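So the chains spell out like this:
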2 protein chains.
Amino acid sequence: MPRNKEDARRRLVTAALELFGASGFDQTTAAQIAARAGVTERTFFRHFPDKREVLFVGQSILGTALSQAIVEAPPECSPIAALRRAFVSVADMLEQNRQFSEPRRHIIAATPALQEREVAKHAALTQMVAETLQKRGVESRRAALAAQAGMAVLSYALNGWFADPSSGLVHHLDRAFEELQGLSSPPDHKWAPAFK
Amino acid sequence: MPRNKEDARRRLVTAALELFGASGFDQTTAAQIAARAGVTERTFFRHFPDKREVLFVGQSILGTALSQAIVEAPPECSPIAALRRAFVSVADMLEQNRQFSEPRRHIIAATPALQEREVAKHAALTQMVAETLQKRGVESRRAALAAQAGMAVLSYALNGWFADPSSGLVHHLDRAFEELQGLSSPPDHKWAPAFK
DNA sequence: ATCTATATGTCAGTGACAGACATATAGATG
DNA sequence: CATCTATATGTCTGTCACTGACATATAGAT
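What counts, and where the lines are drawn
- Residues numbered from 1 in each chain as written.
- Chains lettered and ligands numbered in written order.
- Predicted model: local features only at pLDDT ≥ 70, side-chain atom pairs only at ≥ 80, totals over all residues.
- Heavy atoms only, no water.
- Domains from an automatic or database assignment.
- Contact = heavy atoms within 4.5 Å.
- Buried area = accessible area lost by both parts, 1.4 Å probe.
- Salt bridge = Lys/Arg side-chain N within 4 Å of Asp/Glu carboxyl O.
- Polar contact = N/O pair within 3.5 Å; in protein donor to acceptor, adjacent residues only side chain to side chain.
- Helix = DSSP H or I, 4+ residues; strand = E, 2+ residues; numbered from the N terminus.
- Core = buried A, V, L, I, M, F, W, Y, C linked by side-chain atoms within 4.5 Å.
- Buried < 20%, exposed > 50% of the residue type's maximum accessible area, 1.4 Å probe, protein only.
- Least-squares fit on C-alpha atoms with pLDDT ≥ 70 in both.
- Axes fitted to C-alpha atoms, helices over the stretch in contact; angles between N-to-C directions.

Asks: How would you summarise the domain arrangement of chain A if you had to cite specific residues and measurements?
Replies: Residues and elements named next belong to chain A. As assigned here, chain A comprises domain 1 (5-54) and domain 2 (57-182). The interface of domain 1 with domain 2 comprises 12 residues on the first partner and 8 residues on the second. For the pair domain 1 and domain 2, the summed buried surface comes to about 940 Å²; carbon and sulfur atoms form 63% of the total. On the domain 1 side of the interface with domain 2, the three residues burying the most area are Leu 17, Arg 52 and Glu 53, jointly 56% of the side's total. Counting every contact that joins domain 1 to domain 2 gives 3 salt bridges. When the shortest N-O distance is used, the salt bridge between Lys 121 and Glu 53 registers 2.5 Å. The interface formed by domain 1 and domain 2 includes 4 residue pairs in polar contact (both at pLDDT 80 or more).

In structure tokens form, the structure reads like this:
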């Protein structure tokens, strides 16, 4: 086999992360990333279909893990309950990657074009979750609605966890699902209505 | 005042819609759109920050209409109830634009780059909705969750309405909100659990 | 009739990305 | 050990999205 492909990929991701963090996404050229990684611009675009994509590796891993967990949830689970189990099952993986996703978040937060891509990835993941719910027998459009509500809960929990990592991600997930149930209650108790 | 600006805008949008529909988004160049509209490529990019944006005019109108309706909902409304009122209040506007949004949907459905932009616009709208809910006194992250669930319901209803325009959009909205409530019920009654 | 603000034209340049073709290297094969 | 091969990479060239700088045209105010 030829020159080490995966290593070049890793070098490209690392170089991109560093340059984006230092100079910003728009001010960093694909050629610069390639140069720092010791390859050519053309090689960069052989590894990633476009400049943004270098920041979105590993999304597919999360997707397949989620899919598998959803399928394996007990059949008597409601759609939301199945999603809850799945999210808890990948919490560990997410907590592991925190050191990588932390700087990534800052770069994305500073770049509209990257936010657009992230939102799209989120939507794609949601789509995959919806299709997996269908395999459990959930009707198509109902599955889509459940997936969107569930992924909203996941984002909610992740935001809370990024702000406060001291309590684990699982704890944030529990609270977030309780919030979803409380959403239709009148706004009397102004703060979280459903927990202690 | 100088040459008619708004008219050039409209010609550009029309030309883009026609060319995208005929040849596809990727195969259509910005210069071609400009030529058909009787202006220069440079002028195209003075009216639209990028090539995709020509298909996303009028989103801001919907946003402001939604915001206003949310603020004006009775204070005793739950977040979801406030959103429901707001959606119903813009249903008429949406039904009016159907002839425009119909071909637009097909073009977007055939172009990943446009789907990405649409998802982003959807997210931006959701963000605006969340911030408006906060003005009603809904706590920040709870507002975000409600906005996402609510916008999911809106999409659900719009999809149903596009597939079956015979019953009005308001009817689809009613059904969609009932679906949201039924999401946490066990999957016994396989079809919509909450209505008649 | 002139004057002005604003829309548009013109020109040149940068950078993302793709096709075509050549070259280099790790490992299989003899 | 020499060769051979699949695959990764380099090189070159081209298209197109998008931008800055500067010139020009036009509808309306004076």
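Picking up where we left off.
Asks: Now, about the side chain of His172(A): what can you tell me, with residues and values included?
Replies: Relative to the assigned elements, His172(A) resides in helix H9 (residues 169-182). The contact partners of His172(A), leaving out residues within four places of it in the chain, are Ala157(A), Gly160(A), Trp161(A), Asp164(A) and Ser167(A).

Asks: Residues and numbers for the nonpolar core, please.
Replies: The nonpolar side chains of a soluble globular protein tend to be buried with one another. Counting residues in hydrophobic clusters, the biggest one holds 72 residues, and the most contacted among them are Val129(A), Leu133(A), Val129(B) and Leu133(B). Discounting residues that sit within four places of it in the chain, Val129(A) has contacts with Leu66(A), Ile70(A), Leu83(A), Ala147(A) and Met151(A).

Asks: Break down the relation of the copies chain B and chain A for me, with residues and values.
Replies: Superposition of the two copies of the chain requires a rotation about an axis and a shift along the axis. With an RMSD of 0.1 Å, chain B superimposes on chain A once it is rotated by 180° and translated 0.0 Å along the axis. The symmetry that links the two subunits is that of a two-fold axis. Measuring from the rotation axis to each C-alpha of chain B, the shortest distance belongs to Ala149(B), at 2.6 Å. Same-surface contact between copies: 97% of interface residues of chain B are shared with the interface of chain A.

Asks: Residue-level account of the pattern of salt bridges, with values.
Replies: All chains considered together, the criterion is met by 22 salt bridges over all chains. Ionic contacts of the salt-bridge type, sharing partners, join the residues Asp50(A), Arg52(A), Glu53(A), Arg117(A), Lys121(A) and Glu116(B) into one network.

Asks: Give me the packing of helix H6 (residues 98-109) of chain B against helix H7 (residues 112-135) of chain B: which residues, what numbers.
Replies: The N-to-C vectors of H6(B) and H7(B) enclose an angle of 120°; their axes lie 7 Å apart at closest approach. Along its contact with H6(B), which presents Arg104(B), Ile107(B), Ile108(B) and Ala109(B), the element H7(B) presents Leu114(B), Gln115(B) and Glu118(B).

Asks: Outline the side chain of Arg52(A), supporting the account with residue identities and numerical values.
Replies: Here Arg52(A) is to be found in the loop between helix H3 (41-47) and helix H4 (59-72). Polar side-chain contacts of Arg52(A) include one of 3.0 Å to the side chain of Glu116(B). Arg52(A) has contacts with Phe25(A), Ala113(A), Leu114(A), Arg117(A), Arg52(B) and Glu116(B), leaving out every residue within four places of it along the chain.

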